[in-house]
Amino acid sequence: MTDTDPAVDAQAVDPEVLRERAVASLVVARHRTTLLTSCVEDPDLTAQHSPLMSPLVWDLAHIGNQEEQWLLRAVAGHEAIRPEIDGLYDAFEHPRAERPKLPLLSPAEARTYAADVRGRALDVLERHAFHGTRLTEAGFAFGMIAQHEQQHDETMLITHQLRTGPPALTAPDPEPAPLSAGPSEVLVPGGPFTMGTSGEPWALDNERPAHRREVAAFHIDTTPVTNGAYRAFIEDGGYDNPRWWTADGWAHIRKHGIDAPLFWRRDGKQFLRRRFGVTEVVPPDEPVLHVSWYEADAYARWAGRRLPTEAEWEKAARHDPAGDRSMRYPWGDADPGPEHANLGQRHLRPAPAGSYPAGESPLGVRQLIGDVWEWTASDFLPYPGFKAFPYKEYSEVFFGPEYKVLRGGSFAVDAVACRGTFRNWDYPIRRQIFSGFRTARSEDV
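So, here is what we can say about the structure in this document. For every chain, the first residue of the written sequence is number 1, and numbering continues from 1 onward in sequence order. Under the rules for a predicted model, residues below a pLDDT of 70 receive no local features and side-chain atom pairs below 80 are neither given nor counted, while totals for whole chains, interfaces and linings still include all residues. Excluding hydrogens and water, the side-chain figures rest on all heavy atoms present in the structure.

### Examining the environment of glutamate 98
And then number 1: Secondary structure elements are taken from DSSP: a helix is a run of H or I of four residues or more, a strand is a run of E of two residues or more, and numbering for both begins at the N terminus. Along the chain, glutamate 98 falls in the loop between α3 (56-75) and α4 (107-127).
And then number 2: For glutamate 98, a relative accessible area of 39% gives the class partly exposed.
And then number 3: Sequence spacing of glutamate 98 and proline 390 is 292 residues, and the spatial spacing of their C-alpha atoms is 27 Å. Only protein chains enter the accessibility calculation, which uses a 1.4 Å probe; a residue is then buried when its area is under 20% of its type maximum, exposed when over 50%, and partly exposed in between.

### Topic: unusual backbone geometry
Comment: phi is negative for the bulk of residues other than glycine, and the bulk of peptide bonds are trans.
And then number 1: For the bond running from arginine 208 to proline 209, omega is -10°, close enough to zero to count as cis.
And then number 2: In this structure, proline 209 sits in the loop between β2 (191-195) and β3 (211-215).
And then number 3: For the peptide bond that leads from phenylalanine 389 to proline 390, omega is 0°, which places it in the cis range.
And then number 4: The phi dihedral of alanine 138 is positive, around 60°, even though this residue is not glycine.
And then number 5: Structurally, alanine 138 is set in the loop between α4 and α5 (140-162).
And then number 6: The exposure class assigned to alanine 138 is buried, which follows from its relative accessible area of 4%.

### Focus on the nonpolar core
And then number 1: Here, nonpolar core means buried Ala, Val, Leu, Ile, Met, Phe, Trp, Tyr and Cys residues that are tied together by side-chain atoms lying within 4.5 Å of each other. Core analysis: the biggest nonpolar cluster contains 113 residues, and Leu157, Tyr230 and Phe437 have the highest contact counts within it.
And then number 2: Among the elements that line this core, the one with the most residues is α5, at 10 residues.
And then number 3: Every residue in contact with phenylalanine 437, bar those within four places of it in the chain, is listed here: Pro224, Val225, Tyr230, Val288, Val291, Ala296, Tyr299, Leu307, Trp373, Glu374 and Trp375. In this analysis, two residues are considered to be in contact whenever any of their non-hydrogen atoms come within 4.5 Å of each other.

### Re the packing of aromatic side chains
Each aromatic ring pair is summarised here by two numbers: the centre-to-centre distance and the angle between the ring planes.
And then number 1: In this analysis, rings of Phe, Tyr and Trp, with Trp reduced to its six-membered ring, are considered paired at centre separations within 6.5 Å, and the interplanar angle assigns stacked below 30 degrees, edge-to-face beyond 60, and tilted for intermediate values. This model, assessed by the stated rule, comprises 30 aromatic pairs.
And then number 2: On the basis of an interplanar angle of 5° and a centroid distance of 4.9 Å, the ring pair of tyrosine 329 and tryptophan 331 is categorised as stacked. Taken as a pair, tyrosine 329 and tryptophan 331 share a single burial class, namely buried.
And then number 3: On the basis of an interplanar angle of 85° and a centroid distance of 5.5 Å, the ring pair of phenylalanine 398 and tyrosine 403 is categorised as edge-to-face.
And then number 4: Taken together, the ring pairs in this structure connect Trp70, Phe92, Phe380, Phe386, Tyr391, Tyr394, Phe398, Phe399, Tyr403, Trp425 and Tyr427 into an aromatic cluster.
And then number 5: Here, over-ring charges are defined by two tests on the NZ atom of lysine or the CZ atom of arginine: distance to the ring centre within 6 Å, and angle to the ring normal within 35 degrees. One cation-aromatic arrangement involves arginine 21 over tryptophan 202; the distance from NZ or CZ to the ring centre is 3.7 Å.
And then number 6: Across from the ring centre of tyrosine 383, 4.2 Å away, lies the NZ or CZ of arginine 423, which sits over that ring.

### Let's talk about the environment of valine 28
And then number 1: By secondary structure assignment, the location of valine 28 is in helix α1 (residues 15-38).
And then number 2: For valine 28, a relative accessible area of 42% gives the class partly exposed.
And then number 3: Here the alpha-carbon distance between valine 28 and alanine 216, two residues 188 residues apart in the chain, equals 40 Å.
And then number 4: Residue contacts for valine 28: discarding those within four places in its chain leaves Gln150 and Asp414.

Given below as structure tokens:
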């Protein structure tokens, strides 16, 4: 077995290359943040559009505050600019539902603060040596902050989806592409593979360390489950039959009257959905979106299948049987390009199932990266040898059976915060996130 963990050797990378990558990642993130906070008027920034989400202005100032704490204070050793606001923007100190009541910075103040921090951070980056501590090695702190901002950009995009009123965002639809005419599922051979990473420079603590994982042979869908396929579950009475649901899932949908994905409504013989202020007919060929883990699990049972485990998902996404190795992405080790995946809010919807043949895995599985986050069967747990870094609150406090793992990213995720080892997690009831799924079955089923 020659399976390895592909990684960038931090010692071998030119510091100027690292610097350019860090600058580019920070600039792209800030451009997106600006778009998401400038396309609506101030009242929309300060309003809470859902108790599940923060006001947009909180996210904006929180982005600046985290950048100040890590890049200016921790990396550069600077004095705090506004230490009195640290508590206001501590995500663990104030639940989202309470944040509108806090004495938050106004939109103008938040923009000024975030811009001030960014200017100073770029000055620090210009002089940064990219070595000395684990936090600074290979520019990790700068990559962490770029990922953090992009994660909040995704959160703000969710808020835009939840807000009512006319559309505030526009983007072209995904380019039409020839869809796959191949099989609906592929066999992933059994055996060990390398899961996680020990060498990806900007990988976060829950992705580490690389370790061997044995996975029995299984079949997995070549594409995510579509709206059309999910509608068949609805029309067959899927939401009315407790046979398909876990006890908790059945209790949840009955209590809340859930009978379709979030934002869907029946209109005669068709379903409509609301997408960023636009009402449209649900497109049958797109991956289903805004479903909870409970709904994904119930659909899989109804279809005579199951959700893949996290290890199965990652093996399907990263293992190259011919080269007997784990890759960074399904298509290889190269960073994502627009031909590989639907990422970065380039579009405001998933691409039709079967798109992006250039992003296909060696076994022929498509859209494992981008389009929709994919629920897995697994609880969010640490890998063997896990060590919290740089703080416990990023991952460690969430480990346990309360959270289910999602993999692969969505159209709302930027490439800097999406790779074959990246792990997301949420409660099994969550539906406002850009979540879908694909199904699997064991080889002998």
